[in-house]
Amino acid sequence: MSDKGKLYTLTLNEGLFMGKLSVTPIAAFSDNYIWCISSGKDAVVVDPGDAAPVIDFLKHAQLKLTAILITHHHWDHTGGVEALLAQYPNVDVCGPETSCEQITRPLADHDTIGVLGETFRVLAVPGHTLDHLAFYNEESALLFCGDTLFAGGCGRLFEGSPAQMLNSLSKLQSLPDATRVYCAHEYTASNLQFALKAEPNNATLRNRYEQVLALRERGEITLPSTIEEESATNPFLRTAQDGVRQAICLREGNDNLNQQEVFAALRSWKDNS
C-alpha cells in the first residue's frame, strides 16, 4: 500500500498527547502534518504550509493562535504563514531567519523559546536544509523535527552533507528514549518498507511495519513515534549496528566503510529506490 497522494482526514478529538500541552495533527496537501500545540484556548502551530486547514481547525476548536514555529524554509512548511498573519495579526513567527520573510523572532542553536507557558529548546539540525531547526520540550518530552528525522527514515539531503545529517540525527537520538517524535510527513509505511531491505532480520522492525500497515488500512495516523522506537527500527539511526553496516558493505562491495560512508550509501540507496 502506498501513502503517496493519500492523507487521511483527522477529526478534532484525535489529539495525540494530552498533558500540560495537547498536540493535534492538521492534515495538509497529500502527506503533510501541521502540528497544533495547545493549552487551554491558546495554540501554536508548527510548519503551516497551508493556512486554510489551520484556520478551519482553530475556528472549529475555538483556539486562539499565539505563535507560529518554523523548522526550515521549504514552501510546504512556510506557505501558509502570510495568510495566517492576515487572519491573526501580531502573532510571532519564530524560526530560522532564512526561512521566510515573516520571521519576527530569528532562532538558532541553543536558543530557548517560551511556548504556551513551557520552554522549548532550539536544536540546529542541518542536513535536509542548512537552516533546519528542531524544537524540543524536555518536561513533556516532545520533539518537533520537521523533515530531519522521519518515522523510519530521515529527510533527503537537499543542501547539507551526509556528515551534517548524521551529526544532526545523532543529536536527536541522544534525547531521552521516551521523547515523542512529531515529524512533518506521513512517510512511515514506505520508510519502513525500505528499512526492511537494509535490515531484513530485525524482528522489531518487521513488527512495527505490520502495525503501521494496519494503522494505515484503518485510516489512522502513524505518529508520533518515540526516540526509543526510532533507535530500534530506523536504519538511519542504526548505521553503526552490524545488520545495517553489513548490508551496506555487501551492497557497496567494500568492508572498510566508516559510519559516515555507510550513512551516505544508505541515503543514496533510499533516494534511488
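This is a predicted model, so every value here is computed, not measured.

Caption draft 1: How the structure looks around the pairing of strand β10 (residues 133-137). Of all the five residues making up β10, five are buried; the element is thus mostly covered by neighbouring parts of the structure. By the alternation rule, side chains of β10 split into L133, F135 and N137 and A134 and Y136, which are all buried. Judged from the four bridges that link them, strand β9 (residues 118-124) and β10 form a sheet pairing that is antiparallel. What sits directly across from R121, in β10, is Y136. Sheet topology note: the β10/strand β11 (residues 142-146) ladder contains three bridges and is antiparallel. Note on β11: the bridge partner recorded for Y136 is L143. Taking the residues that link successive antiparallel strands as the turn, the β10-β11 hairpin has four residues, and the phi of A141 there is positive, at about 55 degrees.

Caption draft 2: Focus on the packing of aromatic side chains. Summed over the entire model, instances satisfying the criterion amount to nine aromatic pairs. On the numbers, 6.2 Å between centres and 40 degrees between planes, the contact of F120 with F144 is tilted. Of this pair, F120 sits in strand β9 while F144 sits in strand β11, and the two are 24 residues apart along the sequence. As far as the burial class goes, F120 and F144 line up, both buried. Its guanidinium or amino end placed over the ring of F194, K270 lies 5.9 Å from that ring's centre, counting from NZ or CZ.

Caption draft 3: Expanded view of unusual backbone geometry. That bond from L223 to P224 is cis: its omega, 0 degrees, falls within 30 degrees of zero. Secondary-structure assignment places P224 in the loop between α6 (203-217) and β15 (225-226). Positive phi outside glycine occurs at H110, with the angle close to 75 degrees. Among the structural elements, H110 can be located in the loop between β7 (105-106) and β8 (112-115). Since its relative accessible area comes to 70%, H110 is described here as exposed. With a phi close to 55 degrees, L116 is a non-glycine residue in the positive phi region. Mapped onto the secondary structure, L116 falls in the loop between β8 and β9.

Caption draft 4: Molecular detail of helix α1 (residues 51-61). When α1 is considered as a whole, its buried residues turn out to be A51, P53, V54, I55, F57 and L58. Tucked into the core, α1 has its buried residues touching β2 (22-28), β3 (32-39), β4 (42-46), β5 (64-69) and α3 (81-87). Measuring from the backbone nitrogen of A52 back to the side-chain oxygen at the start of α1 gives 3.4 Å, which picks out D50 as the cap. Looking one or two residues beyond α1, the residue adopting positive phi is Q62, at roughly 55 degrees.

Caption draft 5: Focus on the confidence of the model for the protein chain. Averaged over every residue, the pLDDT of the protein chain is 93; the share at 70 or more is 93%. Across residues 1-14 the pLDDT falls below 50, and counting only partners more than four positions away or on other chains, this stretch makes 32 contacts in the model.

Caption draft 6: Here's a closer look at the packing of helix α4 (residues 162-173) against helix α9 (residues 259-271). The geometry of α4 relative to α9 is characterised by a closest axis approach of 9 Å and an angle of 100 degrees between their N-to-C directions. What the angle tells us is that α4 and α9 run roughly perpendicular. Residues P162, A163, M165, L166 and L169 of α4 pack against Q259, Q260, F263 and A264 of α9.

Caption draft 7: Inspection of the sheet that holds β11 at higher detail. Ordered in space as β8-β9-β10-β11-β14-β15, the six strands form an open sheet in which the pairing is mixed. Each of the sheet's edge strands pairs with one partner strand only, and the pair in question is β8 and β15. As paired elements, β8 and β9 share four bridges and run antiparallel to each other. Looking at β9, one finds that G114 is bridged to T119.

Caption draft 8: Fine view of the side chain of E230. Looking at the secondary structure, you find E230 in helix α7 (residues 227-233). Beyond its immediate sequence surroundings of up to four residues, E230 is in contact with L149, F150, A151, G152, G153, R208, S225 and L237.

Caption draft 9: Representation of the nonpolar core within the structure. W35, L143, F144 and L172 are the most contacted members of the largest nonpolar core, which totals 54 residues. Counting residues per element, this core draws most heavily on α9, at five residues. Ignoring anything within four residues of it in the chain, the contact list for F144 reads V23, W35, I37, V46, T71, F120, A134, F135 and Y182.

Caption draft 10: Highlighting the pairing of β3. In terms of residue burial, β3 counts as a mostly covered element, since seven of its eight residues are buried. As defined by bridge partners, β2 adjoins β3 across seven bridges and the pair is classed as antiparallel. Note that in β3 the partner of I26 across the bridge is I34. Hairpin connection of β2 to β3: three residues between the antiparallel strands, including F29 at a positive phi of 55 degrees. Note that β3 and β4 share five bridges and pair antiparallel.

What counts, and at which threshold
- Residues numbered from 1 in each chain as written.
- Predicted model: local features only at pLDDT ≥ 70, side-chain atom pairs only at ≥ 80, totals over all residues.
- Heavy atoms only, no water.
- Buried < 20%, exposed > 50% of the residue type's maximum accessible area, 1.4 Å probe, protein only.
- Helix = DSSP H or I, 4+ residues; strand = E, 2+ residues; numbered from the N terminus.
- Pairing = 2+ DSSP bridges.
- Phe/Tyr/Trp six-rings, centres within 6.5 Å; stacked < 30°, edge-to-face > 60°.
- Lys NZ or Arg CZ within 6 Å of the ring centre and 35° of its normal.
- Contact = heavy atoms within 4.5 Å.
- Polar contact = N/O pair within 3.5 Å; in protein donor to acceptor, adjacent residues only side chain to side chain.
- pLDDT = per-residue confidence, 0-100.
- Axes fitted to C-alpha atoms, helices over the stretch in contact; angles between N-to-C directions.
- Parallel < 35°, antiparallel > 145°, perpendicular 65-115°, else oblique.
- Core = buried A, V, L, I, M, F, W, Y, C linked by side-chain atoms within 4.5 Å.

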